[in-house]
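Structure assessment
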Amino acid sequence: MMRLCGSLLFCAFVACRPADGSTATTTEAAVPVHVHVAAVVTQPMPEYVTLTGTLRGNQESDVAADASGKVMQTLVERGQLVKRGQVMVTLDARGAALGANVAEAQSKVAQSQLEEAQRECARVKNLLETKVISQAEYDRQTADCTAKQWSATAAQAQSQTAVKLLGDTRVRAPFDGVVGERFVDVGQYVSPSTKVASVYEQSPLRLQLTVPESDLGFVKMDMHVIFSVAAFPDENFEGVVKFISPNVREATRDMVVEAIVANEAGKLKPGMFAVAKVALGDQPHTVVPNAALLKDETGARGFVVVSGQIQERVLQLGSTKGDEVAILSGVKDGESIILSPTPDVHDGAKAIVDQGK
């Protein structure tokens, strides 16, 4: 009987005892947290429309050969800087050199024949004036002079063409830039239109943006564009719209605009995907200090004090201006948001607002 009473008393004691840690939790929750707050206010903040686009070289070229022949030298590699006129690839020039020599010789022969014909024309003119020869003889001789003149002109043009073909065996860079890719190797046979290398101008670049039809109203010349790229997520770049397409593409219902982007440092590369923001002007928004925000991979949160109790809010962020952030949803004007929330700040806790900072 004594043993049974003791067991009942033990069970009653255990049943009435709170679970482990609940006493501490209740006590902890009851301890107010000292916080500093800032008032949520409404003020003008910049408003943007977000667009996507691709960076292109201001000039891009797949350089082609203008002559036929075997590649003798490749003088550039991927990523190499080149100057306008710099030789990138040389072709076998022996055939072109022989053709240039033949054409030059034929031009000299034609020129010599022309000079002889011109002397003969001058002689027969004097003979005609002294009635030594007939008008028919004179006309025949002057016609021969004219033919010799055109023959000399044609031979000179052929010589110049041959010289050009000789020069075309040296493929040159069309502008200052960087080599994107070399398409040929030594020993390969190329013909006119064969691509030998791609060249991109490094600075400036063009940011090609696609603007949905519904947003065309804000597009205008010389407007500023702020954009970012995945390679530098914490850095913003700027461009100025200089080219606007005159039509909306029927298949995609959008329009292409191009902004010129300075790239002296060479950080940006043609082909990069960009996310751009275009300013539409200032609009009134609910604003909080940046110090009030907690950000992680799930989004942004903040804590407000309502009737002495802390409430956690999920925030949708807008634009940033200095240390202030526009809030699209989550808080409203006049509420008090906690600055620099500590680990003690959590939903449901009581708060004591300290004055000052």
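What comes next concerns the included structure. Keep in mind the model is a prediction, meaning the values are calculated, not measured.

1. Examining the environment of Ala 292
Here Ala 292 is to be found in the loop between strand E16 (273–289) and strand E17 (294–296). Residue classification places Ala 292 among the buried residues on the basis of a relative accessible area of 0%. On a C-alpha basis, the gap between Ala 292 and Glu 264 in space is 37 Å, while along the polypeptide they are 28 residues apart. In this structure Ala 292 touches Arg 301, Gly 302, Ile 337, Ile 338, Leu 339, Ser 340 and Pro 341, once residues within four positions along its chain are discounted.

2. Things to note about the state of the cysteines
Tallied over the entire structure, the rule returns one disulfide. Across a sulfur-sulfur distance of 2.0 Å, Cys 121 and Cys 145 are joined as a disulfide pair. With Cys 121 in helix H3 (residues 94–129) and Cys 145 in helix H4 (residues 135–167), this residue pair connects regions lying 24 residues apart in the sequence. Since its relative accessible area comes to 13%, Cys 121 is described here as buried. Take Cys 145: its relative accessible area is 9%, and that puts it in the buried class.

3. Structural notes on the packing of H3 against H4
Axis separation between H3 and H4 bottoms out at 7 Å; the angle between their running directions is 160 degrees. What the angle tells us is that H3 and H4 run roughly antiparallel. Between H3 and H4 lies a crossing of left-handed hand. Each residue belonging to the contact of H3 with H4 can be placed in one class, and the counts come to 18 nonpolar, 14 polar and five charged.

Reading the values: the criteria
Starting afresh in each chain, residues are numbered from 1 along the sequence in its written order. Local features are withheld for residues below a pLDDT of 70 in this predicted model, meaning they are given only at 70 or higher, and side-chain atom pairs are given and counted only at 80 or more; totals for whole chains, interfaces and linings count all residues. Here the side-chain values reflect all heavy atoms present in the structure, with hydrogen atoms and water set aside. Helix and strand assignments follow DSSP, with helices taken as H or I runs no shorter than four residues and strands as E runs no shorter than two, numbered in order from the N terminus. Whether a residue is buried, partly exposed or exposed follows from its accessible area with a 1.4 Å probe, protein chains only, as a fraction of its type maximum: under 20%, in between, or over 50%, in that order. We call two residues in contact when some of their heavy atoms are within 4.5 Å. Two cysteine sulfur atoms form a disulfide, by the criterion used here, when they sit within 2.5 Å. Simply put, an axis is a line fit to the C-alpha atoms, just over the touching stretch for a helix, and the angle between two N-to-C directions goes from 0 to 180 degrees. For classification purposes, angles smaller than 35 degrees are called roughly parallel, those larger than 145 roughly antiparallel, those between 65 and 115 roughly perpendicular, and all remaining angles oblique. Crossings are sorted by hand: turned counterclockwise from the far helix by less than a right angle, the near helix makes the crossing left-handed, and turned clockwise it makes it right-handed. Think of it as three bins: nonpolar holds Ala, Val, Leu, Ile, Met, Phe, Trp, Tyr, Cys and Pro, charged holds Asp, Glu, Lys and Arg, and polar takes everything else, Gly as well.

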